[in-house]
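# Breakdown of the fold
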Amino acid sequence: MLQDKRILLILTGGIAAYKGLDLIRRLRERGAAVTPVLTRAAEQFVTPLSVSALAGEKVYRDLFDLTDEAEMGHIQLSRSADLILVAPATADIMAKMAQGRADDLASTLLLATDTAVMVAPAMNVRMWDHPATQRNLAQIKGDGVTVIGPNKGDMACGEHGPGRMSEPMEIVAAVEAHFGPRPLAGKRVLVTSGPTHEPIDPVRYIANRSSGAQGTALGQALADLGAEVVFVTGPADVAPPSGVAVVSVETAHQMREAVSAALPVDAAVFAAAVADWRVEDASVHKLKKVAGNLPALQFAENPDILAEVAQMADGRPGLVVGFAAETDDVVAHATAKRARKGCDWIVANDVSPETGIMGGSENAVILISETSAETWPRMSKTDVAAQLAQRIADALS
Ligand code: CTP
């Protein structure tokens, strides 16, 4: 619930502004007071009248509106809020935030505040992917802004990809998490995620189908519960969580180094799909095709990062959690794997192609500990992450 919370909601100019109307309703249903701010461009998509009717409050629009200055002042306006939420956030407002510009009411409020800021980006996929936007994104994240979404999907402009604003209820969930209980405050948690890429030569590599979705959702859920998360990720398909320290790696060896640099931690969760083998003596030059002459690749075993950490004599994390991706005899294999690796829990799942789990948005897991095997119903990877994060919080408390 968001009782007694005042949210300064800045709507900027994008087609997703219409979802902003629903967002106002949803926030108010949960008890929040919403002070709306519209940019000039946003007024092209939603009217001040509809926004103020839904918010039940005056809409602020202009930096130089003297009545507003007399009533409140832009500094006061931003400081009186418990949270500033920008939804939808255009590429333009993100650029202004990254640069610290203050040339209209919205950007001035964002610069004048010391309150927490969350943004829900919405833009065309090419604008989102543009290096300038990605630079601005990294900058504002580094400045402490929480970024919600965006989602992948069909866009109003007819294109497909990342850039769709998160749904109002996803934004509400992020806001509630922000104000919610933080049982992992003061705890440091390591998460590995994504696949690893093992080079054959400078242009070719061996990989696997992990998208990094489950590990990313878990990193986010742990951060939402207040943990300081070190997120070590291989080359994943999905953007890393916000509010975590991201360490990007490619190979299993780099992941192992990043993991040992992150220790000590209170808990470590190994969601990465680490390649079991690498090519021994990967070529430093591109292998040339020679007719009738097939390259013979010699493999070497990669270090088992989970097993190494789980079996540390000194400084072992209080809780070590592994994942087991299996295609048959899931419980038997995963139970044996937990014992073999020496971790406390194994989150087992069936990744047979017909389950649609690897690369999909849902997961069906069995949580295996030394004494039990709990089958969880099939649910979204976000829900699996939230429940697992809560269990980790319970175990560390
Ligand atoms: N893992 C790891 N380092 C490796 C291999 C796996 O840290 N080199 C971790 C994974 O992150 C996961 C767990 O070990 O948490 C199990 O991974 P999985 O690939 O299922 O186990 P393997 O030991 O590789 O067993 P197999 O491939 O034979 O099923």
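About the criteria used
Residues numbered from 1 in each chain as written. Predicted model: local features only at pLDDT ≥ 70, side-chain atom pairs only at ≥ 80, totals over all residues. Heavy atoms only, no water. Axes fitted to C-alpha atoms, helices over the stretch in contact; angles between N-to-C directions. Helix = DSSP H or I, 4+ residues; strand = E, 2+ residues; numbered from the N terminus. Left-handed = near helix turned anticlockwise from the far one by under 90°. Contact = heavy atoms within 4.5 Å. Nonpolar A, V, L, I, M, F, W, Y, C, P; charged D, E, K, R; others polar. Near = heavy atom within 4 Å. Polar contact = N/O pair within 3.5 Å; in protein donor to acceptor, adjacent residues only side chain to side chain. Areas by Shrake-Rupley, 256 points an atom, 1.4 Å probe, with all protein chains shown as cover. Pairing = 2+ DSSP bridges. Domains from an automatic or database assignment. Buried area = accessible area lost by both parts, 1.4 Å probe. Salt bridge = Lys/Arg side-chain N within 4 Å of Asp/Glu carboxyl O.

### Notes on the packing of helix α5 (residues 91-99) against helix α6 (residues 105-112)
Two elements in contact, α5 and α6, have axes separated by 10 Å at closest approach and are oriented at 40 degrees. Between α5 and α6 lies a crossing of right-handed hand. Contacts between α5 and α6 involve Ile-93, Lys-96 and Met-97 on the former and, on the latter, Ala-106, Ser-107 and Leu-110. The residue makeup of the contact of α5 with α6, split by class, is 4 nonpolar, 1 polar and 1 charged.

### Quick look at the site of the ligand
By nearness alone, 14 residues border the ligand, and Phe-270, Ala-272, Asp-276, Lys-337 and Lys-341 come closest of all. Within the backbone of Phe-270, one N or O atom sits 2.6 Å away from an oxygen atom of the ligand. Within the backbone of Ala-272, an N or O atom sits 2.6 Å from an oxygen atom of the ligand. The protein chains hide 79% of the 570 Å² of surface that the ligand would expose on its own. If you list the elements that add at least two residues to the shell around the ligand, you get α12 (305-310), β16 (319-326) and α13 (330-341).

### Focus on the sheet that holds strand β4 (residues 117-121)
Here we have 5 strands laid out as an open sheet, ordered β2-β1-β3-β4-β5, and parallel in their pairing. Of all strands in the sheet, those with a lone pairing partner are β2 (33-38) and β5 (146-147), marking the two edges. Of the pairings in the sheet, the one linking strand β1 (residues 6-11) to strand β3 (residues 83-89) comprises 4 bridges and is parallel in character. If you follow Leu-8 over to β3, its bridge partner there is Ile-84.

### Thoughts on the domain arrangement of the protein
When cut into domains, the protein gives domain 1 (6-179) and domain 2 (188-396). Using only C-alpha atoms to locate each centre, domain 1 and domain 2 end up separated by 34 Å. Listed as interface residues are 5 residues of domain 1 and, on the opposing side, 5 residues of domain 2. Three residues, Lys-141, Lys-152 and Ala-177, lead the burial of domain 1 against domain 2; their summed loss comes to 70% of the area buried on that side. Where domain 1 meets domain 2, there are 0 salt bridges. Counting the contacts that link domain 1 with domain 2 gives 1 residue pair in polar contact (both at pLDDT 80 or more). In the side of domain 1 that touches domain 2, the residues fall into 2 nonpolar, 1 polar and 2 charged.

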